[in-house]
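Structural description and commentary
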Amino acid sequence: MITPTPLMGLVTGFWSFKTFAAAVELGLFTRIAGGRVLTVQTATTEFGLAERPADLLLAACASLGLLERTDDGYRNSALAEEFLVAGKPYYFGGQVRYCDERTYLPWHRIGEALRTDKPLTWDPQAKKTVFGDDDPEMLALFWEAMYSTSIFTARALADAYDLSGQHRLLDVGGGAGAFSIELCRRNPGLRATVLDLPHVCAQADAKIAAAGLTSTVETVSGNFLADPTLPDGHDTVLLSMILHDWDEPTNELILARCFAALSPGGTIIISELLLDDDRSGPPEAALMGMNMLVETEGGRNYSGAEYRRWLHRAGFTDIRTVAFTAPGANGAVLARKPSPHEAAV
């Protein structure tokens, strides 16, 4: 018998997120790192909470798999201990804070975005791009959020596609360098160039230095939308979580520039949350598309079929898709730039 139970799950979805975000804001998981057990009574003192909210928060976090119940109280789950303790290498709290502080309230006005087809998190009439450096604090939070997501997406890509035969990677719009760092770690013969805006390259330089890869990964300041050409001399071009930010004509322009810069015989990799070809799912791709309505002027999530069509028009061949599961992508569309001899044939 059909019931409205699934609809109730949709209605209350924000309860989980806001509980999670509140715990991160309080520093709950960082405070009890290393196996420390926290009781309701101790939580009231440490966080300045009354008994009732302290009890409810701890129980809710346990129900979400973020805490584990012990005889005496609560401690971090393995998931929280690994990713929600500030200062750990793959701290995920930046992603939580960014969504809570940047996108959560604008999402309350999603109906406005649907009616106006305009972003809600910034005003295109007041600034040129959402990726500008006018808000350094939010910018740093954004790249921290993207870095934690991208590291594990890069690992999933490396598992799904073997880059061991490739030597020079151009990471277009590479942000803080997570993909280049992780892919070079996995493939000792690979060297990478992160192309991004100057203030973003500064973020990447710090991450690259911290990873001990300054001789392997370099940054180049540029603008893949405004610059007529991209750096050449690379046998691999990566576009990771880039093309969903833009409309179809812009994406075709980006792909044409990638084709021109890529060495003959080289490979392009488009890593994204891909919609099914009939555009009916999966939810993570379709809902990211809705977030593009909130955050961008023309972005949306696209299907593998759409990427294949654009790649073919740009001149690429041997187009295929590999699937994987990761925080920032569910697959990659791969294609090859033919050699001059192949193109002539």
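Moving on: the packing of aromatic side chains. For the structure shown, the criterion picks out nine aromatic pairs. Taken together, a centroid distance of 5.2 Å and an interplanar angle of 85 degrees make the contact between F83 and F152 edge-to-face. Of this pair, F83 sits in helix α6 (residues 78-83) while F152 sits in helix α9 (residues 136-160); the two residues are 69 residues apart in sequence, bridging distant segments of the chain. Residue classification places F83 among the partly exposed positions, given a relative accessible area of 22%. With a centroid separation of 5.4 Å and 85 degrees between ring planes, the pair formed by Y307 and W310 is classed as edge-to-face.

What follows deals with the sheet that holds strand β3 (residues 168-172). One open sheet holds the seven strands; their spatial order is β5-β4-β3-β6-β7-β9-β8, and the pairing between them is mixed. Taken across any chain shown, the strands that pair with only one partner, and hence form the sheet edges, are β5 (217-221) and β8 (317-323). Averaged over neighbouring strand pairs, the angle between their axes works out to 20 degrees when direction is ignored. The pairing of strand β6 (residues 234-240) with strand β7 (residues 262-272) spans six bridges and is classified as parallel. Within the sheet, the bridge partner assigned to T236 lies in β7 and is T267. Packed on one face of the sheet, helix α11 (residues 198-210) meets β4 (191-196) and β5 and runs near 170 degrees to β5.

According to the stated counting rule, one finds one cavity of 30 Å³ or more in the structure shown. Computed from the structure, the largest cavity encloses a volume of approximately 30 Å³. Lining the largest cavity, in full, are A23, V24, G27, L28, F29, T30, L84 and Y91. If you list the elements that add at least two residues to the lining of the largest cavity, you get α2 (13-26) and α3 (28-31). For the lining of the largest cavity, the element with the most residues is α3, which contributes three residues.

The next point concerns the nonpolar core. Membership of the largest hydrophobic core comes to 32 residues, with the highest contact counts inside it found for L157, L183 and I269. At the level of secondary structure, the elements contributing two or more residues to this core comprise α9, α10 (178-186), β4, α11 and β9 (331-336). At six residues, the largest contribution of residues to this core is made by α9. Not counting residues up to four positions away in its chain, the partners in contact with I269 are L157, Y161, L163, T236, V237, L238, L239, A332, V333 and L334. Of all hydrophobic cores here, the second largest spans 26 residues; its members include V172, I242, A261 and L311.

Using the criterion set out here, one finds 17 salt bridges in the structure. Salt-bridge contacts for K18 lead to D100; the nearest nitrogen and oxygen are separated by 2.6 Å. With a gap of 82 residues between them, K18 in helix α2 and D100 in helix α7 (residues 93-107) connect regions that are remote in the sequence. Taken together, the salt bridges that share partners define one network made up of R31, R36 and E46.

With that settled, the discussion passes to the packing of α7 against α9. Axis separation between α7 and α9 bottoms out at 7 Å; the angle between their running directions is 135 degrees. Here α7 is positioned oblique relative to α9, judged by the angle of their axes. α7 and α9 meet at a crossing whose hand is left-handed. On α9, the residues that touch G94, Q95, R97, Y98, E101 and R102 of α7 are M138, L141, F142, E144, A145, M146, S148 and T149. For the contact of α7 with α9, the per-class residue count stands at six nonpolar, four polar and four charged.

Each value, and the rule that gives it
- Residues numbered from 1 in each chain as written.
- Predicted model: local features only at pLDDT ≥ 70, side-chain atom pairs only at ≥ 80, totals over all residues.
- Heavy atoms only, no water.
- Phe/Tyr/Trp six-rings, centres within 6.5 Å; stacked < 30°, edge-to-face > 60°.
- Helix = DSSP H or I, 4+ residues; strand = E, 2+ residues; numbered from the N terminus.
- Buried < 20%, exposed > 50% of the residue type's maximum accessible area, 1.4 Å probe, protein only.
- Pairing = 2+ DSSP bridges.
- Axes fitted to C-alpha atoms, helices over the stretch in contact; angles between N-to-C directions.
- Contact = heavy atoms within 4.5 Å.
- 1 Å grid on protein atoms, 1.4 Å probe; cavity = no way out; pocket = protein on both sides within 12 Å on 5 of 7 lines; lining within 4 Å.
- Points joined across faces, edges and corners; volume = space filled by probe spheres on them.
- Core = buried A, V, L, I, M, F, W, Y, C linked by side-chain atoms within 4.5 Å.
- Salt bridge = Lys/Arg side-chain N within 4 Å of Asp/Glu carboxyl O.
- Parallel < 35°, antiparallel > 145°, perpendicular 65-115°, else oblique.
- Left-handed = near helix turned anticlockwise from the far one by under 90°.
- Nonpolar A, V, L, I, M, F, W, Y, C, P; charged D, E, K, R; others polar.

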